Structure formats: C-alpha cells, structure tokens
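Here's the letter readout for the chains.
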Number of protein chains: 2
Amino acid sequence: MKLSFDVMASDRRTAARNGRMLTGHGEVLTPAFMPVGTQGTVKTLSPRELKEIGAQTILGNTYHLYLRPGPEVVRTAGGLHRFISWNRPILTDSGGYQVFSLADLNRITEEGVTFQSHLDGSYQIFTPEGTMEIQHDLGADIIMCFDECTPYPCSHQAARTSMGRTLRWARRCRQRHRELEESDGHDQALFGIVQGSTYADLRRECADTLVEMDFPGYALGGLSVGEPKTAMFEMIEAAVPRLPEHKPRYLMGVGFPQDIIAAVARGIDLFDCVLPTRNARNGSVFTSEGPLVVKNAVYARDFRPLDPDCDCYTCRNFSRAYLRHLFQAGEILAPRLATLHSVAFYMRLMREIRQSIAEGRFESWSRVFLERYHQEQESEQSELTTIPGGEQ
Amino acid sequence: MKLSFDVMASDRRTAARNGRMLTGHGEVLTPAFMPVGTQGTVKTLSPRELKEIGAQTILGNTYHLYLRPGPEVVRTAGGLHRFISWNRPILTDSGGYQVFSLADLNRITEEGVTFQSHLDGSYQIFTPEGTMEIQHDLGADIIMCFDECTPYPCSHQAARTSMGRTLRWARRCRQRHRELEESDGHDQALFGIVQGSTYADLRRECADTLVEMDFPGYALGGLSVGEPKTAMFEMIEAAVPRLPEHKPRYLMGVGFPQDIIAAVARGIDLFDCVLPTRNARNGSVFTSEGPLVVKNAVYARDFRPLDPDCDCYTCRNFSRAYLRHLFQAGEILAPRLATLHSVAFYMRLMREIRQSIAEGRFESWSRVFLERYHQEQESEQSELTTIPGGEQ
C-alpha cells in the first residue's frame with residue numbers, strides 16, 4: 001500500500017498534532033523521530049535493539065548506500081528492508097545534501113550534480129532521475145526529491161535561483177518516480193522538499209509550488225545548517241501554514257530535544273538527526289536533566305545509571321562508572337550502550353510528546369520537561385556540527 | 001558457597017567426561033569454553049547476548065582490570081559481577097601471563113615481577129600475595145595462582161628453575177588467599193597452575209606437587225605459546241593422569257575447535273581463548289565447515305547466512321553480503337554480529353561435545369564434526385598469535 005496519513009488529535013494552543021502514518025511496512029505514530037541509519041545500520045545498534053526501544057522508522061542515506069554496497073546489491077538482496085533485516089518503515093533521503101557537504105568536489109548544472117566520491121575520488125553524477133532510480137532499487141517506504149541544499153549564509157538572489165532549480169528537479173523526480181512505479185510496482189511515497197534558505201517569501205513560494213504538484217508529504221530542507229535558531233523557527237512558521245493539514249511534515253536534520261519540542265509546537269510531524277547517535281559514540285549522552293559527558297573522570301566512581309528516569313537496557317544494568325571505564329578502555333560496548341540509551345531517550349521524548357498532545361497537555365508537559373532539562377550552551381548556537389540525514 | 005565439581009559421565013574410549021561445576025553464581029556444565037572478557041566486557045557483546053547464546057561463565061584479566069579501572073573501583077562497585085552486570089560465574093587469571101607478554105619491561109625476582117604498564121609506562125609490581133588481593137577485590141568465583149609462564153622454546157634447566165618458582169608462588173598464593181578469605185568472607189576457589197614447558201617430567205612433577213597442596217581445581221599453563229601441537233598434547237597426557245579425577249582441569253588459552261576436541265578426549269574440562277572473538281573482529285568467523293573470511297569480496301553478493309546450520313541472531317537475520325558490507329563500511333555492527341556468531345558457534349560446539357559424551361558417542365560425533373570442518377593451514381601450526389587469557 002501507499003502512504004496514508006491521518007491527524008488523530010490537534011493541540012488547542014499550538015500547532016502540535018498527533019498523526020498516524022501508514023506505510024506498506026506498518027504505521028508510524030507522529031510526532032516521530034527517525035534514527036539515522038546512514039550505511040544500512042543505525043551505528044552500533046541492531047534492529048532488535050531499535051525495536052525494543054520503540055523505533056518506528058529509520059532513515060537511510062542514498063549517497064552512502066549508492067557508493068557502498070551499491071544499489072544493485074541492495075536490489076538483489078530484495079531491497080533495503082531485507083538487506084538490513086528491518087521490517088518497519090524506512091525513509092531514504094535523495095543524496096542531495098551529501099553531494100554538497102561530503103563529496104570532494106561538485107559541479108551543479110541544470111542536469112544534476114557531478115561530484116567526486118569521498119571514498120575513492122571516483123567521478124559520479126546524481127540527477128533527479130538517477131536518484132529516483134537508486135531510491136527505487138533501495139525500496140524505502142518514503143523517498144525524497146533530489147534538491148539543492150543552500151549553505152548559510154546565502155544571498156536572496158542565490159537562494160531564489162537555487163530554489164527554482166530545486167522545484168524543476170522536483171517535477172523531474174515526480175515524473176521519473178511515476179514511470180518507475182509503473183514498471184516495478186513499488187509502493188513508495190515521494191516527498192517534496194521546501195527550500196528557500198532563510199527567506200520567508202521564498203519558503204512560502206516554494207511550499208506553494210510543491211503543494212500544487214501534490215506530493216504525499218513535505219519536508220523542510222536546508223535548515224540546521226548554521227543559521228540562528230530564530231531564523232529556523234521563522235522558516236518553519238512561514239512554510240507550515242502553506243502545507244496541507246492532512247499530509248505529514250518533516251523537518252530534516254533536527255535536532256536537540258528543545259528544538260524538536262519547539263518544532264512540534266509549530267506543526268512538524270517527523271524528525272531525523274545524528275545527535276543522539278553521534279554524541280553517544282563520543283561519550284556524551286542525553287538524560288532527563290540534560291547532556292551528560294559520561295567519559296569524564298568525574299564519573300569514574302559514580303555507580304548510578306546514566307539517567308535514573310530511564311528504563312532502557314543500559315540504565316537497568318550498568319553504571320556511569322562502568323560506561324566511563326568502557327570508554328576509557330576503548331571498548332565497543334561503550335558506544336553501543338551509550339547509543340542505545342540516547343536513542344531510547346529520544347524515543348521516550350517522542351512518546352511523551354505524543355501522549356501529552358493526545359491528553360491536551362502538550363504545553364504544560366513541555367514546560368515541565370524544559371524546566372528540568374538543561375542543555376549546554378551549544379544548543380543555543382546553531383547546529384553547525386550536525387549533518388542532516390547522514391553520519392560519517 | 002565454594003566450588004564443587006561432580007563428574008556426571010565418562011567416555012569409555014577416551015578420557016572425555018561430563019562434569020557439573022557449582023559456584024556461588026550458579027553451575028557450569030563441562031566441557032565448557034569461557035569467552036574472554038579482558039577489560040570487563042567480552043569485546044563487542046552485551047551480557048544478555050552472552051546469556052542468549054549459552055555462555056555459562058566468562059574470564060576476566062587481572063592485569064588489565066588492575067591497570068584500568070583499578071581493583072578499588074571494582075570493589076566499590078560491589079565486585080566484578082555487579083560492575084559488569086554478569087551474574088553467572090567468572091574466572092580471573094592472575095596476570096602472570098600478561099606481565100610477561102604485554103608489559104613493556106619486566107624483571108622477575110623471587111618476590112614477584114616488576115613491570116611497566118603497557119598503557120602509561122608506570123612501574124608496577126605483581127607478587128603472589130598482591131595478585132591474590134587484587135583477585136579478592138574483583139571477587140570472581142574462580143581465581144588463579146600467580147605463575148611464571150615460560151616462553152617457547154625454553155631449556156630444561158630454565159623450565160625447572162621457573163617451575164620451582166611457580167610452585168613456591170603457588171604456596172604463597174594459597175596462604176594469602178586463606179587469610180583474605182577469613183577477613184572478607186568471599187567464596188572464591190583458587191586453582192593451581194601446572195607449568196613445566198614442553199617437558200613431561202617437569203609437568204608430572206609440577207602436577208604432583210600442586211596436588212599435594214590440594215587446590216579445588218588445576219590449570220595447565222604455558223601451552224599454546226608457539227610449541228608444536230604434538231608437544232601440547234603430550235604435556236596434557238603427562239599432566240592429566242596425575243590430577244585428581246574429581247577436580248576440574250582447565251587448559252589455558254586453547255584454542256581451535258579441533259584442539260578443544262582433542263583436549264577433551266584427553267580429559268580437559270575448561271577452556272578459554274581469544275580466537276572466536278578476535279578473529280570475528282577481523283572479519284573471520286567460525287562455521288560448521290571451517291573458518292570463513294566474510295569480509296572477502298567473494299561474499300559481496302552471497303545472501304546466505306554465515307553458517308546455514310547456526311540459529312544465532314546473526315545467522316537468523318543477516319547475510320554474508322550484509323556482513324561484508326558492514327565490514328567494508330567500518331560499522332561497529334560488523335564485529336558485533338560476527339563475534340556473536342563465532343561465540344555462539346563455540347557454545348554450540350561445547351554443547352554438542354557434552355551431549356555426545358552423555359550419549360556415549362563422543363568419538364563418532366568428533367569424527368563427523370572434523371570430517372566436515374576444514375580448518376586452514378594455520379591451525380596446524382602453533383597458535384603464535386593467541387594470547388591466552390587476554391585480548392588487546
């Protein structure tokens with residue numbers, strides 16, 4: 001079956017809403033956070049661990065999977081779900097972001113983007129049609145249009161030119177997707193991506209044009225790339241009211257817990273970000289009281305769990321002192337247990353958001369959560385270090 | 001409770017036997033293989049995964065845990081079982097092997113061994129009494145005497161001198177262990193270690209002297225250090241008949257599946273080795289048909305499980321092609337899934353050995369197993385690359 005989306009409950013004071021997205025691989029209750037599985041694995045975790053902590057859907061990166069193992073291997077395996085043994089929904093991005101951020105060299109033309117692989121320096125080209133073909137080989141439930149992601153800052157003129165191309169590419173993606181659908185019979189929902197840098201007029205124009213093309217879902221791209229937080233929220237506020245009520249809205253590459261809460265209040269349904277996984281691998285985990293750098297010496301004799309409020313496997317069985325020891329010793333179990341906890345933290349965050357919306361107390365829940373949660377300074381800055389939809 | 005050991009069944013044609021070893025943390029059915037958990041974790045695996053695949057007991061390394069996190073942290077945590085969240089039996093070695101093989105510099109005197117930490121170059125001293133104190137802090141169910149492990153080759157004279165010291169150290173270990181027992185009340189069984197290099201007369205003499213000291217179990221040390229396989233089996237044949245029937249016999253640092261089978265036939269009950277874990281991390285796994293180097297390009301499109309006869313999580317869910325991709329991509333899930341499989345393979349090997357002994361068909365089972373199992377050339381050589389009881 002193709003994607004369906006129903007709004008189950010709407011918050012009275014904010015634009016927050018509960019949705020139910022149904023795909024050929026089951027449902028996703030929104031607001032939802034998608035752990036990033038760049039190369040066909042959410043780094044350090046097994047599929048059964050992801051299920052255990054309540055992950056409903058994960059994200060795969062077209063750029064990475066195209067380079068390695070290659071779409072043909074994945075297709076031959078029976079698609080990404082079977083290849084990686086994940087039978088719940090998957091979303092793949094288009095590779096657009098990575099060819100700009102990761103590839104060694106890139107040249108943009110109307111046709112597409114020529115780039116050099118960050119792995120072996122080989123020349124490659126991504127076109128709107130080509131990324132549709134790759135994403136059909138991968139077979140994710142939700143696939144994304146190939147877009148141009150503008151850097152920050154970006155002049156209004158450059159942003160407008162780029163947006164125009166993104167819109168023309170979206171049309172070509174839709175066309176090629178339809179052709180492929182007819183031949184391979186895959187039930188994949190293609191989402192459009194709203195660009196327009198930090199300019200509200202461009203964001204509105206882009207959203208309006210994409211809505212005319214009638215996609216089953218819409219993403220906001222080109223955010224969380226270094227712009228001030230205020231600018232990001234203004235862009236969400238500009239675009240979301242132009243998007244149809246009954247279609248899912250996906251904010252790509254976001255973010256910190258407080259940003260997710262703020263974006264949910266502005267009507268966003270779907271999120272992805274490398275923060276919980278990447279930071280955990282570096283020894284920093286999320287807890288109810290804020291981030292905790294468990295590899296620090298201060299935890300060498302701290303026998304409490306990472307987060308006393310958490311019921312994940314890590315917190316039920318292991319102490320901060322043990323985690324700190326594992327990080328010191330360079331043991332693989334260290335990033336494993338830390339990642340398991342931090343993704344579980346994000347999954348619980350989203351469950352609490354959904355429940356508070358359902359019970360009409362999203363705002364009061366947010367206040368209580370944020371009062372207790374103390375993010376360090378970095379969160380007030382832009383998320384310069386995060387790569388939306390892909391992690392190395 | 002202290003350790004008890006009962007022989008439940010004995011093979012009629014060989015010296016193989018089924019035993020039941022009972023400790024304060026539950027039973028161990030023998031012959032048993034102990035996965036190596038050098039630094040307080042069997043590399044890449046979680047305790048629940050170890051339980052799932054049937055690990056009955058694991059080994060910890062005193063040398064490593066002494067240096068990091070230090071015995072005081074483990075004692076404060078409530079002992080190694082609680083620190084690492086493993087509530088089944090644990091055996092710790094004495095650090096004897098590591099101070100000779102890993103430490104940067106070592107000087108042996110009658111008092112003990114002075115060495116430089118391989119981590120920070122700091123000077124440390126291990127004495128028989130000191131390693132008893134550390135092992136009491138760690139609190140394993142089975143602890144080992146501090147011994148001198150002779151290199152291969154070693155002259156008869158040097159081996160005799162070293163063996164004499166090992167025996168005097170064993171006496172001092174036993175004495176200090178008894179004193180500590182009275183004060184801390186820990187129920188720990190201290191095993192003696194038979195040394196004597198590749199000389200049958202020394203092995204017999206060492207075994208006899210240790211048996212007079214009456215330990216609750218006996219290990220064979222200083223084997224699998226580069227000597228020919230035939231020499232190793234001769235030493236087992238020399239020592240085992242001198243050891244009491246009703247006490248467990250532990251062959252340290254062995255080994256390949258075919259070596260384990262051969263040693264079981266000679267009356268060995270306990271084994272440990274880094275082979276399944278270390279080789280798996282390097283992309284080589286054990287299967288019913290022999291080792292398989294899954295990271296090789298030939299498996300890029302091989303969608304069969306690692307071992308079609310295996311029912312572990314890895315083999316139930318993932319293909320060789322996926323494992324190969326994960327290794328290529330440098331993903332942590334690669335060593336995780338490979339290690340899980342290889343340790344599961346060893347656990348199944350030991351279950352089959354126990355069952356075949358119980359059913360009086362150990363020899364015929366071995367023949368069938370070995371006919372199918374094709375080890376590469378390396379197994380016929382000595383295991384120069386393995387470090388008994390510790391893995392870096």
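These figures come from a predicted structure and were not determined experimentally.

## Re the nonpolar core
Counting 245 residues, the largest nonpolar core has Phe191, Leu251 and Leu323 of chain A together with Phe191, Leu251 and Leu323 of chain B as the members making the most contacts within it. Once residues lying within four places of it in the same chain are set aside, the contact partners of Phe191 of chain A are Ile142, Met144, Cys145, Phe215, Pro216, Gly217, Tyr218, Ala219 and Tyr250 of chain A.

## Some details on the relation of the copies chain A and chain B
Expressed as a screw transformation, the operator carrying chain A onto chain B has a rotation angle of 180° and an axial translation of 0.0 Å, and the superposed copies differ by an RMSD of 0.0 Å. This pairing of chains is accounted for by a two-fold axis. For chain A, the smallest separation between a C-alpha atom and the rotation axis is recorded for Ile332 of chain A, amounting to 3.7 Å. Mapped onto chain B, 100% of the interface residues of chain A again fall at the interface, so both copies present the same surface.

## Overview of the interface of chain A and chain B
Counting residues at the interface gives 31 residues for chain A and 31 residues for chain B. Taken together, the elements giving at least two residues each to the side of chain A that touches chain B come down to helix H3 (71–77), helix H4 (80–84), helix H13 (320–328) and helix H14 (333–358) of chain A. Here the side of chain A that touches chain B takes five residues from H13 of chain A, the largest share from any one element. Here the residues of the side of chain A that touches chain B are counted per class, giving 15 nonpolar, 11 polar and five charged.

## Points about the sheet that holds strand E1 (residues 4–10) of chain B
Strand pairing in a sheet relies on backbone hydrogen bonds. The paired strands run either parallel or antiparallel. Residues and elements named next belong to chain B. Across the sheet, which stays open at both edges, the three strands sit in the order E1-E2-E3 with antiparallel pairing between neighbours. Each edge of the sheet is formed by a strand with only one pairing partner; in this case those strands are E1 and strand E3 (26–30). Direction aside, neighbouring strands of the sheet carry axes that sit 15° apart on average. With six bridges connecting them, E1 and strand E2 (residues 17–23) associate as antiparallel partners. Counterpart to Ala9 in the pairing with E2 is Asn18. Relative to the sheet, helix H14 (residues 333–358) contacts E1, E2 and E3, its axis offset from that of E2 by approximately 120°.

## Some remarks on the sheet that holds strand E2 (residues 17–23) of chain A
Residues and elements named next belong to chain A. The strand order E1-E2-E3 describes an open sheet built from three strands, whose pairing is antiparallel. The sheet terminates laterally at strand E1 (4–10) and strand E3 (26–30), the two strands that pair on one side only. Neighbour-to-neighbour, the strand axes of this sheet turn through a mean angle of 15°, independent of strand direction. Helix-sheet contacts for H14 involve E1, E2 and E3, and the interaxial angle to E2 is about 120°.

## Regarding the domain arrangement of chain A
Residue and element names in this part refer to chain A. Looking at the assigned domains, one finds that chain A contains domain 1 (4–273) and domain 2 (280–375). The C-alpha centroid of domain 2 is placed 27 Å from the C-alpha centroid of domain 1. Contacts between the two partners involve 25 residues from domain 1 and, on the opposite side, 25 residues from domain 2. At the level of secondary structure, the elements contributing two or more residues to the side of domain 1 that touches domain 2 comprise E2, strand E4 (32–34) and helix H10 (257–264). Of the residues forming the side of domain 1 that touches domain 2, the biggest block, four residues, is contributed by H10. For the side of domain 1 that touches domain 2, the per-class residue count stands at 14 nonpolar, five polar and six charged.

## Re the pairing of strand E8 (residues 113–116) of chain B
Residues and elements named next belong to chain B. Residues Val113 and Phe115 point to one face of E8 and are all buried, whereas Thr114 and Gln116, pointing to the other face, are not buried. Note: strand E7 (residues 106–108) against E8, three bridges, orientation antiparallel. When the sheet's bridge partners are listed, Arg107 is paired in E8 with Thr114. Taken together, E7 and the strand that follows it, E8, pair antiparallel across an intervening segment of four residues. As paired strands, E8 and strand E9 (residues 123–126) are joined by four bridges and run antiparallel to one another. Bridging from a neighbouring strand, Phe115 pairs with Gln124 of E9. Between E8 and E9, which follow one another and run antiparallel, lie six residues, and Gly121 among them has a positive phi close to 75°.

## Some points on the packing of helix H6 (residues 128–138) of chain A against helix H7 (residues 156–184) of chain A
Residues and elements named next belong to chain A. Packing of H6 against H7 brings their axes to within 8 Å, and their N-to-C directions diverge by 40°. Handedness of the H6/H7 crossing: right-handed. On the side of H6, the interface is formed by Pro128, Glu129, Met132, Glu133 and His136, while H7 contributes Trp169, Arg172, Cys173, Arg176, His177, Leu180 and Asp184. The residue makeup of the contact of H6 with H7, split by class, is five nonpolar, two polar and five charged.

## Let's talk about the environment of Thr76 of chain B
All names here are of chain B. For Thr76, the position within the fold is in helix H3 (residues 71–77). Thr76 sits in the partly exposed class, given 15 other C-beta atoms within 10 Å. Spatially, the C-alpha atom of Thr76 lies 30 Å from that of Tyr218, the residues being 142 residues apart in sequence.

## Focus on the confidence of the model for chain A
Predicted confidence across chain A gives a mean pLDDT of 95, with 95% of residues reaching 70 or more. Low pLDDT, under 50, characterises residues 377–389 of chain A; the predicted model gives this stretch 28 contacts beyond four residues in sequence or across chains.

## What to know about the environment of His186 of chain B
Residue and element names in this part refer to chain B. In this structure, His186 sits in the loop between helix H7 (156–184) and strand E11 (189–194). Sequence separation of His186 and Thr62 is 124 residues, and the distance between their C-alpha atoms is 17 Å. Beyond its immediate chain neighbours, meaning those up to four positions away, His186 contacts His136, Gly139 and Glu181.

Conventions and cut-offs
- Residues numbered from 1 in each chain as written.
- Chains lettered and ligands numbered in written order.
- Predicted model: local features only at pLDDT ≥ 70, side-chain atom pairs only at ≥ 80, totals over all residues.
- Core = buried A, V, L, I, M, F, W, Y, C linked by C-beta atoms within 7 Å.
- Buried ≥ 20, exposed ≤ 12 C-beta atoms within 10 Å, placed from the backbone.
- Contact = placed C-beta atoms within 7 Å.
- Least-squares fit on C-alpha atoms with pLDDT ≥ 70 in both.
- Helix = DSSP H or I, 4+ residues; strand = E, 2+ residues; numbered from the N terminus.
- Nonpolar A, V, L, I, M, F, W, Y, C, P; charged D, E, K, R; others polar.
- Pairing = 2+ DSSP bridges.
- Axes fitted to C-alpha atoms, helices over the stretch in contact; angles between N-to-C directions.
- Domains from an automatic or database assignment.
- Left-handed = near helix turned anticlockwise from the far one by under 90°.
- pLDDT = per-residue confidence, 0-100.

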